[in-house]
Structure formats: structure tokens, C-alpha cells
Amino acid sequence: MNGLGLHQRLERNAGLLIFGILFVSAIGGLVQVLPSIFQESLSQPAANTRPYGALELVGRDIYIREGCGTCHSQQVRPLLAEVKRYGPYSRAGESVYDRPFLWGSKRTGPDLHRIGGRYTDTWHRVHLLDPRSVVNNSIMPAYPWLAERAANADGDIQLRLKVLRRLGHPYTDADIESAPAKLEGLTEIDAVIAYLQQLGAGLGAEQ
Amino acid sequence: MADMPTDFWAGWIAVITVVSLAGLGWLIFSIYFSAESADEHGDGPVWDETLREGSNPAPLWWFWMILALLVISVVYLMLYPGLGSYSGALRWSQGGRFDANVAAYETEFGGIRELVAGAQLETLRGNPALMKSAQSIFARQCAVCHGYEAEGQANLFPNLMDAHWQWGGEPGQVEQSIRAGRTGIMVGWSAVLGDAGVEQMTQYVKTLAAQPDTAPPLQYTQFCSACHGPDGAGNPVLGAPSLVSGVYLYGGSDAAIKHTIALGRTGEMPGFENRLDDTQIKLLVALLTGNGTE
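What counts, and at which threshold
- Residues numbered from 1 in each chain as written.
- Chains lettered and ligands numbered in written order.
- Predicted model: local features only at pLDDT ≥ 70, side-chain atom pairs only at ≥ 80, totals over all residues.
- Heavy atoms only, no water.
- Patch = residues over 30% accessible without salt bridge, like charges linked within 9 Å, V, L, I, M, F, W, Y side chains within 5 Å.
- Areas by Shrake-Rupley, 256 points an atom, 1.4 Å probe, with all protein chains shown as cover.
- Salt bridge = Lys/Arg side-chain N within 4 Å of Asp/Glu carboxyl O.
- Helix = DSSP H or I, 4+ residues; strand = E, 2+ residues; numbered from the N terminus.
- Buried < 20%, exposed > 50% of the residue type's maximum accessible area, 1.4 Å probe, protein only.
- Arc of directions from axis to C-beta.
- Contact = heavy atoms within 4.5 Å.
- Domains from an automatic or database assignment.
- Buried area = accessible area lost by both parts, 1.4 Å probe.
- Polar contact = N/O pair within 3.5 Å; in protein donor to acceptor, adjacent residues only side chain to side chain.
- Nonpolar A, V, L, I, M, F, W, Y, C, P; charged D, E, K, R; others polar.
- Core = buried A, V, L, I, M, F, W, Y, C linked by side-chain atoms within 4.5 Å.

Caption draft 1: Here's a closer look at a nonpolar patch on the surface. Residue and element names in this part refer to chain B. Taken together, the side chains of Val71, Val74, Val75, Met78, Leu79, Leu90 and Trp92 present a nonpolar region at the surface, about 590 Å² in accessible area. Inspection of the secondary structure puts Leu90 in the loop between helix 2 (60–79) and helix 3 (94–118). For Leu90, a relative accessible area of 49% puts it in the partly exposed group.

Okay, structure coming up:
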């Protein structure tokens, strides 16, 4: 049999054709995706990475809800210019507790993967409430409502932690038990700031 | 950095890659060059007298295109990492390229670093190119808080261009502010002073700026002079600002001063020791200390 004969057989047998298409499209995945699932440096947390605390997790969900990721990436690429500007380049192991990851692909604003500890909480608060008061030509929207809603307004923080535990994040019963108390009296802006302040923290700023 | 797959998966990747490439090679050769490739028509129906179903390869230039892609893939896999754990004849890696760039950068700036390290601040200020670098460092690292012209903003972040310094304006003191950061803590006095006392102290602080010789009320001497000085001149060791300068970190309105006295303030400047190198810090000190101190 030659290639043309094979082609004729495939074209005349729908089942075989479907199987053939699936088989050929799977090759890329078998080579690229499958081995990386088992690669330790991609599936184990980096030295500076731990599961999100309750407040940080709420902050992360607000970050997703407000679409911060449409303007901000969280991925410092291994290029000299980026490392000089933002800090050490991002490692795969830093994203193991991110479901979904927030690497992003668009930088209308700066990358945020190394923002933790760079500014103070006060600055973040002022900036989120009114970006123009500190960066006079900023085009980032203001988020005044974050200071009005309670951090546990949805009341489902324990459920969120349980779901993540089911997915393999090492939360203890005590973590889940104490989660609502950790949000007590705090607003959404506190949660977002807590989330931002731990981003990339724990790595030295220089390589 | 070289993070290669383990043995089993390296073999897995290599075998599948090689078999697919070989399979693709066989496919195109047999389609174009085997005996049966001649145009043969089946016994299918005929339309419009001459149109019949055939089984022909695509035009020949497709063959050359696919063959070229195959050759490029093979050459690529020989030169660069990709085939399992084989790291390629060029020994190229992303981490290696990054390290080389860093090394080249260090060499390129080595000379300037030495020049800056050995120079007087006055000399640095006289060098427009270096001051331009200092300004871009400031714009990236400091401007979001202190403003692009270091003019201070939001009644939270101090002006660094004037001659008034909370923590001292000598080069050593400014360097310390940048390296280690500063935390200025003033506790609130509403419980001690009461509403009337806070009001009275606010008025006194305001007159101090206009008439520095005004005799202090007893409460000032009692509660405030330990930090702000008996004459209100401030104390750079504690970061207690001068109350006679008429320049206010948190703004000069009655409400702002009252807020500070009643509820206190905690001004926090992050340390930059880990984010900036010695050269960058020295350039910033030169940039900021040009206007003297008072």
C-alpha cells in the first residue's frame, strides 16, 4: 500500500477517518503536554510558594472578577530588560496553586508578578481607590466599591478552600475552620492588597 | 536551568518524534513517487462528459514544501534542545542565554559603576548623562509615590526636592532612607488631650509656622517637645518633622493637622536595598541632595 491508497481507504471509511484525525492531532500533545505533567519542576511548588491564605484567596478571586488580568500580566519573562525592571523571572513552580493561572498575555499596565513588597499597603489603597491621585496620567480604572463590600460578602470561603483541597492544595481542617474569622471585619480592598503583597514575595529581588 | 525530562519520558519524546518524522517522510515519498501514483480513475460516475472522480496528489510544489519543513525540523533537532534529553549541538538554553546577557550587561556597565563609585556627588550632579539615568531610575522606582518631579503627592508622600527633610538631608541620611526605608510613627493624642486639647494644639502648631517664637503651651512641652523639639524644629533621628517650617507632609489644613494630632500617623517608606545596586542608590542620592538642607 502507498500513501494514496491509504488516503483512499481513509476517505471512504468515516470511522477510520475520525480515528486518524484524532490520532494525528494527539501526537503533539503526547510529546509536549504529557511528559510535562510528570516533570517535577513544573508540578512541585517553588521554594517561595505556599497555598493562598483565606484573605489572599478572596483577593485573588476579586482580581479575577474585576478583570485586572486583562491589563496586567503575572509573568516576568527570562529577558534581561524584564528582570531589570520587575525582578527575577517567573518559575513554573510558582503557579502550582493557581487555578486557573493568571499569567495573562496583555500588558496595558505593568507586570505584577513581583509587585509584592514593592509598595506599601497605603499606596495600594490610595491607588486602587483613585489611581490618578498618585499616578497623574494613569489610565487604570478606579475601584471605589472594593472598600465598601465585606471580604466575606459571599460567605462561601470554606467551600472555596474545600474545593481546592479536593484538587490537592494542602489545607488543614484548622485552616478551613478558621477561614471566616480571618475575613472578619475586612473589606474587599484589604483582600486585594493582601493578594498583591504576597505576589512573588520571598524571592530575592536580584537573581 | 537545564531542566530536561527524565529517562523514560526522554525516550518517549525521542521515539514519538522520530517515528512521526519518518512516517511523514514515507507518506510524502510514497504519494508522489510510487508506481500507483499515476492518475487513475475509478469506475465512479462521470459528469458533464469528462469530469470524473480521481485520486491525484496535490501539486508538486507541496512535496518540496513539506520536504523542506522536514529537513528544517531535523536540522533544528540536531542543533537545539528538543529531542528528549539531548541538549543539541549548539548547547543553547534559555537560561544560558539569559546568563550571557547578564554577564554582557555587567561588563558594559562595569566602567560606569567604578566611575560613579569613585566620584564626588557634586561631580555626578554635573554630569547630564548620569543625572538622566538617575531620573529614569527615580521615574521607575520612586515616582509612583513621590511624584515624577519628586514634588511629593497625595499628602502622604513627601516632597524630596525642597530643602526640608524629615529624616535629615545629609547624603548619608538620605542614603539610609533609601536603603533601609523609614517608618515614622506618631501616636494619636486624642485620649490624652481631649477634644479641646487637640483643638488648642492644632491652633498652636499653626501659629508656630507663622510665628516660630510663640511661647509653647504647657501641654506641648509635656507631650510633644520630646520628639518635635522644644522650639518645634523636629528631630531627624525619630523622623519627627519640623513644625516651624510651614511645610507639611500630610498637608497644612486644619483638618489634616488635627487628624495627625488626634489619631496619629504611620508614614512608611519601603527599603530599596534589595531592588537597587550601590551605583543606582548613589545616583539617586546625588539627584536628591542637590538642593541643600535647612
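Caption draft 2: Seen up close, helix 9 (residues 218–228) of chain B. Residues and elements named next belong to chain B. Those residues of helix 9 that sit buried are Tyr220, Cys224, Ser225 and His228. Within helix 9, the buried residues cover an arc of 115° as seen down the axis, which keeps them to one side. Away from its buried face, by an angle of more than 90 degrees, helix 9 presents the exposed residues Gln222 and Ala226. The secondary structure elements touched by the buried residues of helix 9 are strand 3 (182–187) and helix 8 (190–210).

Caption draft 3: Representation of the domain arrangement of chain B. All names here are of chain B. Examined at the domain level, chain B breaks down into domain 1 (7–92), domain 2 (106–181 + 271–288) and domain 3 (185–269). Placing a centre on the C-alpha atoms of domain 2 and another on those of domain 3 gives a separation of 29 Å. With 16 residues of domain 2 in contact, the opposing surface of domain 3 contributes 13 residues. Considering only the side of domain 2, the residues that lose the most area to domain 3 are Asn155, Gln166 and Trp167, jointly responsible for 47% of the buried surface there. Counting across the domain 2 and domain 3 interface gives 1 residue pair in polar contact (both at pLDDT 80 or more). Looking at the side of domain 2 that touches domain 3, the element that brings in the most residues is helix 7 (residues 171–180), giving 3 residues. Here the residues of the side of domain 2 that touches domain 3 sort into 6 nonpolar, 9 polar and 1 charged.

Caption draft 4: Quick look at the interface of chain B and chain A. Taken together, the contacts link 40 residues of chain B with 37 residues of chain A. Summed over both sides, the interface between chain B and chain A buries roughly 3500 Å², with carbon and sulfur atoms accounting for 61% of that surface. Area buried by chain B at its contact with chain A is led by Phe98(B), Arg140(B) and Arg275(B), which between them contribute 21% of it. Viewed at the interface, chain A and chain B are joined by 0 salt bridges. Taken together, the links from chain B to chain A amount to 6 residue pairs in polar contact (both at pLDDT 80 or more). Within the residue set of the side of chain B that touches chain A, elements represented by two or more residues are helix 1 (7–33), helix 3, helix 5 (128–141) and helix 6 (143–146) of chain B.

Caption draft 5: Spotlight on the nonpolar core. The biggest cluster of nonpolar side chains holds 40 residues, and the ones touching the most others in it are Tyr63(A), Trp123(A), Leu128(A), Ile157(A), Leu161(A), Leu183(A) and Leu196(A). Secondary structure elements with two or more residues in this core: helix 4 (54–65), helix 6 (121–129), helix 7 (157–166), helix 8 (173–183) and helix 9 (188–198) of chain A together with helix 6 of chain B. With sequence-adjacent residues up to four places away left out, Leu196(A) is seen in contact with Tyr63(A), Leu112(A), Ile115(A), Gly116(A) and His124(A). Core analysis: the second largest hydrophobic core is formed by 23 residues, Ala119(B), Phe138(B), Cys142(B) and Leu288(B) among them.

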